Amino acid sequence: MVHMSDYKPGSATAGYRAAVDEAAALVEAQKAKVSPYYHDKLDGLLDRYARRLAEWTNDYNRNQASYPSQFISGAGGFNMRKHNKQMAREDTLWKEYDEIKALLHKMESVGTGPVDLADPHAREILTDQLQKLQARLDRNKAMNAYYRKHKSFAGFPELTDEAAARLDAQFAETRQQCPWIDKPCPDYELTSLRGKIKRVEERIAELDKRAQQAEQPADNTAFPGGEIVRNLEADRLQIIFDEKPDEDTRAALKQNGFRWSPRYGAWQRQLTQNAESAARRALGLK
């Protein structure tokens with residue numbers, strides 16, 4: 001319908017399978033980088049990608065075959081109304097394709113953000129982050145002290161002569177361009193590292209707090225028509241209604257960061273102090 005040459009049987013299926021295989025390889029590579037906590041999410045994204053791409057491939061080919069190209073049929077008696085309808089559908093399909101391709105970027109970003117405190121491996125990951133940041137801070141401070149004393153990196157522990165010479169040249173160039181920098185690791189870099197260390201320590205402290213809370217009975221809050229549930233295992237503050245809330249209530253929940261979870265049958269967001277306030281605000285509670 002659109003090409004001078006014949007369609008090669010199985011080529012669409014082969015192209016689809018190649019795309020899914022590439023996505024599957026991406027997921028496996030990502031699994032090797034992130035906590036097992038995120039593996040189910042990656043599998044879900046891959047399944048979603050495969051299903052949507054299959055539907056899109058069928059829809060696209062069906063649309064392509066719905067009316068012949070003018071180059072194939074000739075201009076005589078050509079129905080422009082049908083052609084324009086076909087082209088409008090194609091535009092919509094390419095927008096859908098962009099959404100499907102965006103799932104690949106989601107796969108690449110899974111597990112790369114802040115550690116989810118609901119992850120059973122959260123303490124292990126955060127402790128590892130803390131050790132690496134502290135080691136980096138200690139090394140930077142040691143490099144500053146060594147350079148201040150020797151005016152060179154030559155002889156600094158764990159540095160080869162070549163690496164030391166390269167660092168000497170780089171710092172000399174930096175000082176030439178920025179004379180106000182008087183040490184290899186500037187104060188702002190050290191301050192940044194200390195800030196990161198503090199944030200990781202705070203997250204570990206939050207884990208300790210949650211562990212203590214988990215040992216205590218759940219403190220849920222009932223309200224007319226439902227209940228606020230603190231689901232520590234899922235790390236979610238959940239609002240469960242006896243009946244489907246009205247449109248205004250649903251709008252208020254969305255405005256306050258709550259999203260519907262079919263899995264739990266609840267409106268929920270991450271379990272934080274702000275979530276507690278947001279739930280009461282959305283429900284009009286004191």
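Residues numbered from 1 in each chain as written. Predicted model: local features only at pLDDT ≥ 70, side-chain atom pairs only at ≥ 80, totals over all residues. Heavy atoms only, no water.

### With respect to the confidence of the model for the chain
As a general rule, the predicted coordinates of low-pLDDT regions are not to be interpreted in detail. Let me state the cut-off plainly: For every residue, the predictor states its confidence as a pLDDT score lying anywhere from 0 to 100. Secondary structure elements follow DSSP: runs of H or I no shorter than four residues count as helices, runs of E no shorter than two count as strands, and numbering proceeds from the N terminus.
With 96% of its residues at a pLDDT of 70 or more, the chain shows a mean pLDDT of 89. Mean pLDDT per element in the chain: helix 3 (residues 70–73) is the minimum at 68, and helix 1 (residues 11–31) is the maximum at 96.

### Looking at the layout of surface pockets
What counts here: Here the term cavity refers to a set of points on a 1 Å grid, laid over the protein atoms alone, in which a 1.4 Å probe fits but cannot get out; the term pocket refers to an open set having protein on both sides within 12 Å along at least five of seven lines, with lining residues being those that place an atom within 4 Å of a point. Grid points are joined across faces, edges and corners, and a volume is the space filled by probe spheres set on the points. Gly is placed with the polar residues, together with every amino acid not listed as nonpolar (Ala, Val, Leu, Ile, Met, Phe, Trp, Tyr, Cys and Pro) or charged (Asp, Glu, Lys and Arg).
Reported here for the largest pocket is a volume of approximately 850 Å³. Taken together, 27 residues form the lining of the largest pocket, with Tyr37, Asp116, Ala234, Arg236 and Gln268 sitting closest to its centre. The set of elements that each furnish at least two residues to the lining of the largest pocket consists of helix 2 (39–64), strand 4 (259–261) and strand 5 (266–270). By residue class, the composition of the lining of the largest pocket is 11 nonpolar, seven polar and nine charged.

### Focus: the nonpolar core
Which entries qualify depends on this criterion: Among buried residues, the Ala, Val, Leu, Ile, Met, Phe, Trp, Tyr and Cys ones that are joined through side-chain atoms within 4.5 Å form a nonpolar core. Buried means the residue's accessible area, taken with a 1.4 Å probe over protein chains only, is under 20% of the maximum for its type, while exposed means over 50%, and partly exposed covers the values in between. Working rule for contacts: check all heavy atoms of both residues, and any pair within 4.5 Å makes them a contact.
Counting 19 residues, the largest nonpolar core has Leu42, Tyr49, Leu53, Trp56 and Met107 as the members making the most contacts within it. Counting residues per element, the ones that place at least two in this core are helix 1, helix 2 and helix 4 (80–109). Top element by residues in this core is helix 2. It accounts for eight residues. Residue contacts for Leu42: discarding those within four places in its chain leaves Val27, Gln30, Lys31, Val34, Met107 and Val110. Judged by nonpolar contacts, the second largest core, of 15 residues, contains Phe223, Phe241, Leu271 and Ala279.

### A closer look at the environment of Leu130
By secondary structure assignment, the location of Leu130 is in helix 5 (residues 122–150). The spatial distance from the C-alpha of Leu130 to the C-alpha of Met143 is 20 Å, given a sequence separation of 13 residues. Among all residues touching Leu130, those that are not within four sequence positions of it are Ile197, Val200, Glu201 and Ile204.

### Remarks on the sheet that holds strand 1 (residues 221–223)
The condition is simple: Two strands form a pair only when DSSP identifies at least two bridges running between them. Between N-to-C directions, angles cover 0 to 180 degrees, with each direction set by a line fitted to C-alpha atoms, over the stretch in contact for helices.
In spatial order, the strands read 1-2-3-5-4; together these five strands make up an open sheet with antiparallel pairing. The open sheet terminates on both sides in strands that have one partner only, identified here as strand 1 and strand 4. Direction aside, neighbouring strands of the sheet carry axes that sit 30° apart on average. Where strand 3 (residues 236–241) lies against strand 5, four bridges are found, and the strand directions are antiparallel. Residue pairing in the sheet places Leu237 in a bridge with Arg269 of strand 5.

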